[in-house]
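# Understanding the architecture of this molecule
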Amino acid sequence: MDIRQTTINNIRTLAADTVQKANSGHPGAPMGMAPMAYAVWMSKMKHNPKNPSWPDRDRFVLSSGHASALIYTLLHLTGYGLTIDDLKGFRQWGTKTPGHPEYRHTVGVETTTGPLGQGVANAVGFAIAETMLAAHFNRPDFPIVDHRVYAFCGDGCMMEGISSEACSLAGTLKLGKLTLLYDDNEISIEGNTDIAFRENVPARFEAYGWQVIRLQDGNDVDAICAAIEEAKKDERPTLIVCPTKIGFGCPAKEGKASAHGEPLGADNILATKKNLGMPEDDFCVLPEVYEHVKAQMEKNEKAEEAWNELFAAYAKAYPELAEEWEAWHSQELPDEVALNDALWQWDGKMATRNTSGEMINRLAKLIPNLVGGSADLAPSNKTNIKDGGDYSAENRAGRNLHFGVREHAMAAICNAIALHGGLRVYCGTFFVFSDYMKHAMRMSALMKLPVTYVLTHDSIGVGEDGATHEPVEQLTGLRAVPDMLVFRPADGKETTAAWLTALTAGLPTCLILTRQNLPQYETSGCEAMKGGYILADSDKETPDVVLMASGSEVEQMMGAKEELKKDGIDARVVSMPCMELFLKQPKEYQDKVIPPCVRARVSMEAGVTMPWYRFTGLDGKAIGIDHFGASAPYSVLFKEFGFTVENAVKAAKEVVGK
């Protein structure tokens, strides 16, 4: 048997053993995709297991993340540090081999995948990042940024709408270094895909502007390698259609839905190994396979050595650019940003979407690798970098990304731009449409990616557009996501605090911004970076009542404080722009801001009341909106729904007992 075929069959049996040992997982797709995996990982992909963070490595995305046994098998065989014992611990507590591939958890995994289709959008983001960096750094004879993106996807990925969004954009942008290999096995959990999916996928991608290469047999490794070489010659992204058999090699289950999401069974494993001409031992890797793969990886070590030499020469020829390269790939915030008092200066009433827009442009002058865009709403979101240029197929140096009306893909693409390294990225839409991209935002949090989400038109303040466009439950939904920071600033300085937090926290940050103008407060400032702070203190050491709010409703609470003072009630106003950061502060600080002895507390926020009860307590009162909005000028809605100084005063008197 040819050593390549032997290696492919060993990939199949090792993946099948991995799933069988766990008695859980998906063996069929890894067995069907093994030739694709060999062609990419061991023949065509530029990667060095001895340095997984090599900047100019090709990126690989397993969008069909349920086939994780495949990538773990590849990571083991190619020398990324996964052991046979790690494979034996598949899907078990405390192992490096979770049920779906997880970034940061397993060395060699470029992005967390599993939610189908998102990996396809991640691949588009990786390809965009490569072109942006290449446009900025490459010079004649110095292509220091020159790598490709390979992604595997299946029928499920193709069914998900996010793949259509992302691939349409990829075709428009002519991302020629993106190659998508389609595991066309025509099987889903419920049976043959023709029960729900009969479209002509190649024709769809041709309509998107992709090069499409149809293979006759997805087991033909030579044909796959030739198709990859063909992809390299085209300025368009390439779809390689690989007809495969799920569970290939298993006599009883090949091509059947039962091979998808359950172990093959001990008897079927033995029959498969016999059928493929492989040893019957569990987790057996033939010595000649190890040797063959090792030889294949040595060429990649030499490729990185050549790149290191190229970069050294580049640094001598272009020392300023080499220094900038290091700065762009650093997570540290430049001193000219961190220590810049001018970023905190704001005058006059402004909508926080406007202060954010101005902040983006102030930052863009200081952080040249800050890039971003909106889902066709930049004029409303205020996300455009003035004089930054528009990124396109014709202008890779543009800093403004135009995603079109594709919120879900936008977020997943930005995840990959953050993952790639070298760029700081943000994206924007109306807050209510964050629902469209929620799962990609969840993946931002799961991977702890510093993506900044600019979410404007933050409440019933949207006004005349009505209930369809007025977010009321979204704040609570995002606050429930672990490792997600949700910032709803009340003025310019709090908006500055939000942006600086987004650039330094190492977590995804949502900026929830108003359409309507808000006042500036003399006492606001960097304390907002603690999430909650005393904006206006009481005259007494212990206030009679604590008034709490975020965003636009801080104005009502400041007015209520003055009105209560006339009636002899001493109030403290606490601005709470980011609950998550406040709850991370030491208890001593939290108690100083909201004294436990003061049980008279009132909160006001133009969203559902649920998250505020942890602060108002049993004796307090939360003013919010636990129903959908309506169509009317925002000032009318605020009055009708109780977001007024008068209602805050009334609630305060009730909790104080007056």
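Worth saying up front: this structure is predicted, and the values here are computed from it rather than measured.

Conventions used here
- Residues numbered from 1 in each chain as written.
- Predicted model: local features only at pLDDT ≥ 70, side-chain atom pairs only at ≥ 80, totals over all residues.
- Heavy atoms only, no water.
- Helix = DSSP H or I, 4+ residues; strand = E, 2+ residues; numbered from the N terminus.
- Rg over C-alpha atoms; globule rule 2.2 N^0.38 Å.
- Buried < 20%, exposed > 50% of the residue type's maximum accessible area, 1.4 Å probe, protein only.
- Contact = heavy atoms within 4.5 Å.
- Areas by Shrake-Rupley, 256 points an atom, 1.4 Å probe, with all protein chains shown as cover.
- Lys, Arg positive; Asp, Glu negative; His and termini not counted.
- Charge placed at Lys NZ, Arg CZ, Asp CG, Glu CD.
- Pairing = 2+ DSSP bridges.
- Axes fitted to C-alpha atoms, helices over the stretch in contact; angles between N-to-C directions.
- Polar contact = N/O pair within 3.5 Å; in protein donor to acceptor, adjacent residues only side chain to side chain.
- Core = buried A, V, L, I, M, F, W, Y, C linked by side-chain atoms within 4.5 Å.
- Arc of directions from axis to C-beta.
- Disulfide = S-S within 2.5 Å.
- Right-handed = clockwise from strand over helix to strand, strands pointing away.
- Salt bridge = Lys/Arg side-chain N within 4 Å of Asp/Glu carboxyl O.

Turning next to the overall build of the chain. For the chain, the helix and strand inventory stands at 25 helices and 20 strands. Computed over its C-alpha atoms, the radius of gyration of the chain comes to 28 Å, within 12% of the 26 Å expected for a compact globule of 658 residues. Its C-alpha atoms give the chain principal-axis dimensions of roughly 90 × 60 × 45 Å. Split into buried and exposed, the 658 residues of the chain put 61% on the buried side. At a minimum sequence separation of 6, the contacts of the chain that also span at least 24 residues come to 77%. With the model as given, the accessible surface of the chain reaches about 24,900 Å², and the carbon-plus-sulfur share is 50%. Positive and negative side-chain charges in the chain, numbering 65 and 86 respectively, have mean positions lying 2 Å apart.

Turning our attention to the sheet that holds strand β3 (residues 178–184). Within the open sheet, the five strands sit side by side as β1-β2-β3-β7-β6. Their pairing is parallel. Both outer strands of the open sheet, β1 (59–62) and β6 (211–214), are each paired with one neighbouring strand and no more. Averaged over neighbouring strand pairs, the angle between their axes works out to 15° when direction is ignored. When strand β2 (residues 149–154) meets β3, the two strands line up parallel, connected through six bridges. Across the sheet, Y150 pairs through a bridge with T179, a residue of β3. Running over the sheet, helix α8 (residues 201–208) touches β3, β6 and β7 (238–243) and is turned about 160° from β6.

This part covers the sheet that holds strand β20 (residues 621–623). Taken in spatial order, the five strands of this open sheet run β16-β18-β17-β19-β20, and their pairing is mixed. Where the open sheet ends on each side, the last strands, each with one partner, are β16 (533–536) and β20. Each adjacent strand pair in this sheet contributes to an overall mean axis angle of 30°, direction not counted. Note that strand β19 (residues 601–604) and β20 share three bridges and pair parallel. Along β20, the bridge assignment pairs M604 with I623. Relative to the sheet, helix α20 (residues 554–566) contacts β16, β17 (545–549), β18 (571–575) and β19, its axis offset from that of β17 by approximately 160°.

Below, the discussion takes up the side chain of H147. Counting through the fold element by element, H147 comes out in the loop between α5 (118–137) and β2. In this structure H147 comes out as buried when scored by relative accessible area, which is 1%. Separated by 2.8 Å, the side chains of H147 and D56 make a polar contact. Within polar-contact distance, the side chain of H147 engages the side chain of R59 at 3.5 Å.

Side chains that are nonpolar tend, in soluble globular proteins, to be buried together. By size, the foremost hydrophobic cluster in this structure holds 83 residues, and its most contacted members are I128, L180, F205 and L239. Of all the elements, α5 adds the most residues to this core, at 12 residues. The next biggest cluster of nonpolar side chains, apart from the first, holds 73 residues, and it includes I360, I367, A632 and F643.

In this section: the pairing of β19. Residue alternation in β19 divides its side chains into two sets, R601 and S603 and V602 and M604, and both sets are buried. With four bridges connecting them, β17 and β19 associate as parallel partners. Among the inter-strand pairings, A549 is bridged to a residue of β19, identified as M604.

Of the residues making up helix α12 (residues 319–328), those classed as buried are L321, A322, W325 and W328. Taken end-on, α12 shows its buried residues confined to a sector of 125°, consistent with a single buried face. Across α12 from its buried face, at more than 90 degrees, point the exposed residues E320 and E323. The elements touched by buried residues of α12 are α5 and α11 (287–317).

Attention now goes to helix α9 (residues 221–231). Regarding α9, the residues found buried are V221, I224, C225, A227, I228 and A231. Along the long axis of α9, the arc covered by the buried residues comes to 160°, so they all point the same way. Here α9 starts with a cap whose side-chain oxygen sits 3.2 Å from the backbone nitrogen of D222, and that cap is D220.

A full pass over the atoms with the stated rule returns zero disulfides. With no disulfide partner, C427 has as its closest neighbouring cysteine sulfur the one in C414, 4.0 Å distant. Classification of C427 by relative accessible area gives buried; the value is 0%.

We now examine the pairing of strand β12 (residues 452–456). Counting buried residues along β12, five of its five residues qualify, which places the element largely inside the surrounding structure. Of the two faces of β12, the one lined by T452, V454 and T456 and the one lined by Y453 and L455 are each fully buried. Bridge analysis of strand β11 (residues 424–430) against β12 gives five bridges, and the strand direction is parallel. Residue pairing across strands places T429 opposite L455, the latter belonging to β12. Handedness of the crossover joining β11 and β12 through helix α17 (residues 438–447) is recorded here as right-handed. Bridge analysis of β12 against strand β14 (residues 509–512) gives four bridges, and the strand direction is parallel.

Turning to the environment of M557, a few remarks are in order. The residue M557 is located in helix α20 in this model. In this structure, the C-alpha to C-alpha distance between M557 and K530, residues 27 residues apart in sequence, is 20 Å. When neighbours within four sequence positions are excluded, M557 is seen to be in contact with L547, M548, A549, V573, V602, S603, M604 and A648.

With the rule as written, the count across this model stands at 31 salt bridges. Here K273 makes a salt bridge to D282, at a shortest N to O gap of 3.7 Å. K273 gets classed as buried once you look at its relative accessible area, which sits at 2%. Assessed through its relative accessible area of 59%, D282 is described here as exposed. In this structure, the salt-bridge partner of K349 is E555, at a minimum N-O distance of 3.9 Å. With K349 in the loop between α13 (335–338) and β8 (350–351) and E555 in helix α20, the pair connects residues that are 206 residues apart, well separated along the chain.

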